[in-house]
Amino acid sequence: MSLSLEKAKQFYRQMLLCRRFEEKSAELYTEQKIRGFLHLYIGEEAVATGIIDAIEPDDGVVATYREHCHAILKGIPPEKVMAELYGKMEGCSRGRGGSMHLFDKEKNFYGGYAIVGGGLPLAVGIALADKRMGRKRVTVCFFGDGAVAEGEFHESMNLAQLWELPVLFVCENNLYGMGTYIERAESEPDLVKKAKSYRMEAHRVDGMDVVKVNDAAKKAVAHIRSGKGPVFLECQTYRFRAHSMFDPDRYRTKKEIEAWKEKGPIVTFRKYLQKKEMWEKIDAAAIEKAIEEEVEKAVDFAEKGTWEPVSDLTKFVYSEEVTS
Ligand SMILES: Cc1ncc(C[n+]2csc(CCOP(=O)(O)OP(=O)(O)O)c2C)c(N)n1
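First things first, this report covers the structure right here in the doc. Only a predicted model underlies this, so the values are computations on that prediction, with no experimental measurement involved.

**So, the site of the ligand**
Near the ligand you find 15 residues, and of these Y65, R66, G146, N174 and Y176 are the closest. Here A114 contributes a backbone N or O atom positioned 3.0 Å from a nitrogen atom of the ligand. The site holding the ligand turns out to be the largest pocket. Class assignment for the residues of the shell around the ligand results in 7 nonpolar, 5 polar and 3 charged.

Structure, rendered in structure tokens:
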């Protein structure tokens, strides 16, 4: 399917914003402005961009610890995400979650989960509540290939299909769970086959191509909204950076990484736009400049943010007494 010029600009802008936001985060991490864990999504931007475009603001998103882009694309302002990475009170999780636990109830962004596979039962629970309450919402659950080896994956797939729940399962298959290659962790590495064994509608898509991801997502969302139950999408992608900032990345060859970079999502999309003669029309230089300013603004907001006072240390640790 061809894109409108407006959509082309949107996708380019969104993928580039994700990329520049994270490059800046990595820089700030090395300066120790950002502490704790930091998992970058660089290389995988086409997946979150193509999928989140296919849903409505009222729909929900559950993600993993590699979720800065999902959070921003679901509508959390970059400055609130950056303030959260800094641990400042103005962050979307009040500075208590950090990079792995972004959250925003108003935007229906239900986290950021550090536990591999932890988001799956949660998405199924949200979808069950929606179905029982007669709400016409879809919940998208993003997870990595590593989560497929978890018990929670199988229980979630089983119940979602059995109860025909409105969930879109998006497996971001980047071939590695930390340092473990998928073939060493999965007795059946064909993930679509696995989903189909639950009789679920399942498809494989090139996760480096935002247009293909978006097409597949639109079809999947239409299927789910018509009440036909969940869909599983395996998006084949690759992370260009290490698993986290602590990972020496010794389990992959430079050659492999370089080969994937050649089909990176931004490169692939630029080629698509050139072929469709839209590249000149999107004014990439203006987009780049606006993003640079947006990222600077986010950093400035985080820098000026406030630390939670020590007197609040035990706040939210125990439930507060409710007086009725
Ligand atoms: C239940 C559980 N087991 C192990 C870990 C440690 N761990 C953190 S990330 C990770 C790899 C997960 O890989 P994948 O699901 O493919 O996601 P990716 O990092 O590739 O996006 C592991 C094993 C964890 N956080 N939770």
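**Comments concerning the sheet that holds strand β1 (residues 60-62)**
Pairing between the strands of a sheet is mediated by backbone hydrogen bonds and can be parallel or antiparallel. The 5 strands are arranged β1-β2-β3-β7-β6 in an open sheet whose pairing can be described as parallel. Of all the strands in the sheet, just β1 and β6 (201-206) have a single pairing partner and so form its edges. The sheet shows a mean angle of 20° between the axes of neighbouring strands, direction not considered. When β1 meets strand β2 (residues 139-144), the two strands line up parallel, connected through 3 bridges. Residue pairing in the sheet places V61 in a bridge with V140 of β2.

**Here's the deal with the packing of helix α2 (residues 45-53) against helix α9 (residues 210-228)**
Look at α2 against α9: their axes get within 8 Å of each other, and the N-to-C directions meet at 35°. Pair α2 / α9 crosses with right-handed handedness. Judged by residue contacts, A46, V47, T49, G50, I51 and D53 of α2 engage V210, V213, N214 and A217 from α9.

**Here's the deal with the packing of aromatic side chains**
Evaluation of the coordinates by the stated rule reveals 14 aromatic pairs. On the basis of an interplanar angle of 45° and a centroid distance of 5.5 Å, the ring pair of Y176 and Y181 is categorised as tilted. For Y176, a relative accessible area of 7% gives the class buried. Taken together, Y176, Y181, Y238, Y251 and W260 form an aromatic cluster joined through their ring pairs.

**Details of unusual backbone geometry**
Of note, the phi angle at N108 is positive, near 55°, even though the residue is not glycine. Its place among the elements puts N108 in the loop between α4 (78-86) and α5 (119-132). Its relative accessible area of 11% is what places N108 among the buried residues. A positive phi is found at E277, a non-glycine position, where the angle reads about 55°. Of note, E277 is situated in the loop between α11 (265-275) and α12 (284-304).

**Re the pairing of strand β3 (residues 167-173)**
When you tally the buried positions in β3, you get 7 out of 7 residues, the bulk of the element. Neither face of β3 is left uncovered, since the one carrying V167, F169, C171 and N173 and the one carrying L168, V170 and E172 both have all their residues buried. Inspection of the sheet shows β2 paired to β3 by 6 bridges, in the parallel sense. Looking across to β3, one finds that G144 is bridged to E172. A crossover links β2 with its parallel partner β3, the connecting element being helix α6 (residues 151-162), and its sense is right-handed. In terms of strand pairing, β3 meets strand β7 (residues 231-236) through 6 bridges, oriented parallel. Within β7, the position partnered with F169 by the bridge is F232.

**Side note on the nonpolar core**
Among the nonpolar cores identified, the biggest contains 102 residues, and I51, M82, F143, L168, F169, F232 and F269 are the most heavily contacted of them. Among the elements that take part in this core, helix α1 (residues 5-30) stands out by supplying 11 residues, more than any other. Not counting residues within four places of it along the chain, the set of residues in contact with F232 comprises F143, F153, M157, F169, C171, L191, V192, A195, M200, E201, A202 and H203.

**Some points on the side chain of R252**
Note on placement: R252 falls in the loop between β7 and α10 (254-262). When its relative accessible area of 8% is taken as the criterion, R252 is described as buried. Polar side-chain contacts of R252 include one of 2.8 Å to the backbone oxygen of R239. A polar atom in the side chain of R252 sits 3.0 Å from the side chain of D249. Sequence-distant contacts of R252, that is, excluding residues within four places in its chain, are made with Y176, Y238, R239, F240, R241, A242 and I257.

Conventions adopted
- Residues numbered from 1 in each chain as written.
- Predicted model: local features only at pLDDT ≥ 70, side-chain atom pairs only at ≥ 80, totals over all residues.
- Heavy atoms only, no water.
- Near = heavy atom within 4 Å.
- Polar contact = N/O pair within 3.5 Å; in protein donor to acceptor, adjacent residues only side chain to side chain.
- 1 Å grid on protein atoms, 1.4 Å probe; cavity = no way out; pocket = protein on both sides within 12 Å on 5 of 7 lines; lining within 4 Å.
- Sits in = over half its atoms within 2 Å of the grid points.
- Nonpolar A, V, L, I, M, F, W, Y, C, P; charged D, E, K, R; others polar.
- Pairing = 2+ DSSP bridges.
- Helix = DSSP H or I, 4+ residues; strand = E, 2+ residues; numbered from the N terminus.
- Axes fitted to C-alpha atoms, helices over the stretch in contact; angles between N-to-C directions.
- Left-handed = near helix turned anticlockwise from the far one by under 90°.
- Contact = heavy atoms within 4.5 Å.
- Phe/Tyr/Trp six-rings, centres within 6.5 Å; stacked < 30°, edge-to-face > 60°.
- Buried < 20%, exposed > 50% of the residue type's maximum accessible area, 1.4 Å probe, protein only.
- Right-handed = clockwise from strand over helix to strand, strands pointing away.
- Core = buried A, V, L, I, M, F, W, Y, C linked by side-chain atoms within 4.5 Å.

Remember that the coordinates give geometry; whether it matters functionally is a separate question.
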